[in-house]
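Structural features, examined
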Amino acid sequence: MASRSALSTAPGGLRHVGSKFRDSLFLLDVLYADQYDGEIFNQQLAEETEENFYKGAPPNWLNFHTSEHPEFKSGFIQRDGFETLKNQIVEKSKLPAVSAVKLFHQPGSGGTTMAMQVLWDLRKTFRCAVLTDSTSDITKVAKEVVFLYTAGDQGHQNTVLLLVNDEHVLDKLQDSIMLTIAEQEIVTRMPVAILLSCVRKDVLVQKGPVVLQRVLSDAEEKKFKKKKKELIARYGEKIKLFHGFNIMQSNFSQDYIKQACEVFSSVRKANRPQKTQLAAYLSLLNAYVPGSYLLESQCLDFLNPHGFVHGDLTVKELMQPYGDLIITFQQDERSERKVRMAHPMIAKCCTELMAAAGVTRSDTARNFLNNFCKYAESDEFPQCVLGFVKDMLTKREMKTEDPVNTSDSKENQERFSRLILDIHKMEGSKQSASVLKVASKKFKLNPFFPQALARFYYIELKDYNQAEIWAKRANERDPQNSFVADTLGQVHKNHLNSKGVSTKPREILQLAEKAINAFKHEEQLADAEQEPDMNDDSKTKVFNSRGLFGFLQVCNILYDKLVHQNNIWRDVLTQAVSLCSVLDTLGDNKIFRFNDLIKSLRPEVERKCDFFDKYLTYSKLNIEKDDPEYISKDTLHCHRKFVGDSPHKQVKQKIAEHMQKLKQKLADTTAGVLACLDREHTESDLKEITTWWKEICSSKNPGIAVVNYIFAHIILMNTGGSSPLKRKPFTTFREKIPLKLNDPPEQHMLALLLYWPSGNEDRCIFDLSQLIQQMHCSYENTYKKHFRLRYLRPLFFLGKGQELNRTIHRKVLEMLFYEENQETKPDWSYNWRNENIFKNSAVQDRLLKVEGVVRNYRVYASVGGTEIEVEANLQRSLWRSRKVSFYLGFTIRGPVAFDIQTKTEDKGPSGGLLEARAK
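Thresholds, definitions, all that
Residues numbered from 1 in each chain as written. Predicted model: local features only at pLDDT ≥ 70, side-chain atom pairs only at ≥ 80, totals over all residues. Heavy atoms only, no water. Axes fitted to C-alpha atoms, helices over the stretch in contact; angles between N-to-C directions. Helix = DSSP H or I, 4+ residues; strand = E, 2+ residues; numbered from the N terminus. Parallel < 35°, antiparallel > 145°, perpendicular 65-115°, else oblique. Contact = heavy atoms within 4.5 Å. Nonpolar A, V, L, I, M, F, W, Y, C, P; charged D, E, K, R; others polar. Core = buried A, V, L, I, M, F, W, Y, C linked by side-chain atoms within 4.5 Å. Buried < 20%, exposed > 50% of the residue type's maximum accessible area, 1.4 Å probe, protein only. Salt bridge = Lys/Arg side-chain N within 4 Å of Asp/Glu carboxyl O. Phe/Tyr/Trp six-rings, centres within 6.5 Å; stacked < 30°, edge-to-face > 60°. Lys NZ or Arg CZ within 6 Å of the ring centre and 35° of its normal. Expected span 1.5 Å × (residues − 1).

**Comments concerning the packing of helix α11 (residues 274-288) against helix α17 (residues 418-426)**
Across the interface, α11 lies against α17 with an axial gap of 9 Å and an inter-helix angle of 110°. In this view, α11 runs roughly perpendicular relative to α17, as classed from their interaxial angle. Each of Leu284, Ala287 and Tyr288 in α11 lies in contact with α17, whose residues at this interface are Arg418, Leu419 and Asp422. Residue composition of the contact of α11 with α17, grouped by class: 4 nonpolar, no polar and 2 charged.

Listed below in structure tokens is the structure:
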């Protein structure tokens, strides 16, 4: 049965496309508006497809077409959240650009089926498609989405409704789609795409609008009873094998599942035939990696290792008496047939039954790796299966009670994969290590299995020698990967941390040196990964800061352990005294060999703390997520320990005392000054900081001190405080404008803040476009490689006041929002994502509304009759050309437009509700 090829258009018509269009989409499975229309109905094929689905195969488009045919009466069952999900999507179609809807579902609850069912129902409203491989290059996916959106020329565009099974790609995909639209200069007259994300969560306690769990409501139970009668009338006794349907119809009854899996109760550990082993492999894989499968050709080869002729017997027939619990299916004509268990709950039950019979999870995993994956390094070994094995053994699930508002991923991530954790819990840690060791040896080029094994050795078994061996082996397999290199540093760091109070200083220093060297190597690799001459992957890879942070953690541990033994170490590590001068007191002359290491610690700690000062002040993980709190906490502790009370001897005595006090207040850098409000410094603290910088400005070579003094004064004014304003620094700074490209971005930002006109009609005494361009270049040279793919925090906003009073710090706005909403723990991340903070009247009263225009996916501020291009906080705000107004914020890269709103008098070319609501 062939498929038709017409796409829906926004006016409600159809636009036919040819084979050239169909063949150009490799990553999207497109559901055409006229799919199967006008074709002769094949009753036999329809029944076979329906049978396979109810037995447990994933749905395909033919299932939905079949369900609408009169022969099949009641059609597909709609679960309770179906209409809500559809309505959410329709509401999203009133929003601009690209938006997302999330469907949370437990494995086996029918989440993917419901999502595809929604697409089928909306295929004539939107251009519907499924992303077939979420691991693909996001840029390529975005191009295919845009190609699908524009198919049929300008007058026949239509919004793409795309089903995505990986929620982690949503943000990148949304941004990439809008960037693609902008690059191709496409004029959009409706939203470009709505991303429907199916989020699979094993444990759901979220009570959101659409959450699908393994439990039926009373209304759903009635629907399933009615459907069961219909299926019995059509298929008779065959329905006993419809496990996918029967599990749901029985309200996910454990009794039904146990009865269906009873055949596995007779399994014995010894002398298991090939079919029993294959059933065990499929069960283990499907229980721990929902949606996984093995290829039918692989299964046939395994069941028939010596090439015996079995005629035309299928895998299902060769697998009896377990064959009724497995399902074979083909998702599309281009793909190979696949084999999996009929339901993840059946897979889990079979795994448990076999474990009870002595066929443990670790036995099954080892046998699977040794026997089924014996050609793992062959080019012909399916990459999909390698991916499933990798997920089963190394993918660490998120521990969270709320799948919508997840907190930091690192803090909530399991230590190991679910399978490794279950083996550890039920069979012991040595069995977990054994499985990972087999995988490490079987996949000889893969670095992630030995990496996981090294982590298991140092976290669970406390065997640091073995951990070191396997961490080094992982490094050898991917010597340029900084994230893999991190494991060796973690091994040594944890080994150091495990040492008791009686450990000799020499041994502590030896371990610290090994950890520090490993983290320094990781830092070098991370820097190299970001260089422009690296492969394209560097453009999509976040900078790895773990090496720098690991160094600080080691220094924290080293300091605590040495100072605990002898307080003299405090002065040695802070360089108040030299190691040589106290060797006799410390009682071990041999530790002098660590003198170079010890001398390097304080300056290195200051350098890395300075990095994190900028990293955390200027940027964050992404627009919705802050960095883990322990990063700033550990960095702060390390800084305080090593800065001590004595200044560097290299610093001139005249300003040394002030600089030391600033270091202790964490305000000795521009980033430190800008973070004062985030660190909740009091007005008294800020007055002292401002005074110290003012005094440093009086030195012969003030350098950055002028900039820091002005920023400190601005921060102080943001708290309502004041101090005598010294005009000379302002004169000194103004004489430097226009700044040079090699001046730091902080100086460029200050220039923009000081000289941006106070109103839309005022002219600037400097060329604003030139100042912004210079700031962009300075940012590219200074911070881009470290902040790549991170969200740049707004540091200041343009307010309604005059001179310095008009520069409003972000923290002031957050506190205003907090006070009015009386939230105990406001989620600032989310408010920057949806820009709700700008709906607050107190915030609006403080900020200056800037007028401008959106044109060709760029936003311009109107200043003194000139249009000045600025960035947009949300790319989706640029989806339509129009006159706008917005609030102007400043990041370390330059000015940014926030809360872009269409001016009310501008109705746009087609007017209407959609345009009026567009940002």
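**Observations concerning the nonpolar core**
Ranked by internal contacts, the top residues of the largest apolar core, which has 126 residues, are Trp569, Trp693, Phe711, Met749, Trp756, Val859 and Phe886. The element best represented in this core is helix α23 (residues 546-565), accounting for 11 residues. Apart from the residues lying within four places of it in its own chain, the contact partners of Met749 are Leu674, Phe711, Met775, Leu795, Phe796, Phe890, Thr891 and Ile892.

**Notes on the pattern of salt bridges**
A full pass over the atoms with the stated rule returns 49 salt bridges. A salt bridge links Lys663 to Glu606; the nearest nitrogen and oxygen atoms lie 2.7 Å apart. With Lys663 in helix α28 (residues 653-664) and Glu606 in helix α26 (residues 595-618), the pair connects residues that are 57 residues apart, well separated along the chain. With respect to burial, Lys663 and Glu606 carry one shared label: buried. A salt bridge links Asp899 to Lys839; the shortest N-O distance between them is 3.2 Å. On the criterion of sequence distance, the pair formed by Asp899 in strand β20 (residues 895-902) and Lys839 in the loop between α37 (828-834) and α38 (841-846) is long-range, its members being 60 residues apart. Overall, Lys839 belongs to the partly exposed group, its relative accessible area being 44%.

**Here we look at the packing of aromatic side chains**
Inspection of every chain in the model, using the stated rule, returns 38 aromatic pairs. Between Phe21 and Phe147, the aromatic rings sit 5.2 Å apart at their centres with planes inclined by 25°, giving stacked as the arrangement. Note that Phe21 is positioned in helix α1 (residues 19-23) and Phe147 in helix α6 (residues 138-150), a separation of 126 residues in sequence. Assessed through its relative accessible area of 8%, Phe21 is described here as buried. A relative accessible area of 35% places Phe147 in the partly exposed class. Between Lys390 and the ring centre of Phe448, over which it is positioned, the NZ or CZ distance is 4.7 Å. When the ring centre of Phe551 is taken as reference, the NZ or CZ atom of Lys608 above it lies at 4.3 Å.

**Considering helix α20 (residues 464-477)**
Note that an α-helix has 3.6 residues per turn; residues three or four places apart therefore point the same way. Helix length check: α20 (14 residues) gives 20 Å between terminal C-alpha atoms against 20 Å at 1.5 Å per residue, within 8%. Every buried residue belonging to α20 is among Tyr464, Ala467, Glu468, Trp470, Ala471, Ala474 and Asn475, and all of these are buried. Looking at the buried residues of α20, the elements they touch are α18 (429-442), α19 (448-461), α21 (482-498) and α22 (505-529).

**Some details on the environment of Glu317**
Position of Glu317 relative to the elements: it lies in helix α13 (residues 315-318). Classification of Glu317 as partly exposed rests on a relative accessible area of 43%. Here the alpha-carbon distance between Glu317 and Leu511, two residues 194 residues apart in the chain, equals 59 Å.

By themselves, these are just geometric observations and shouldn't be taken as functional.
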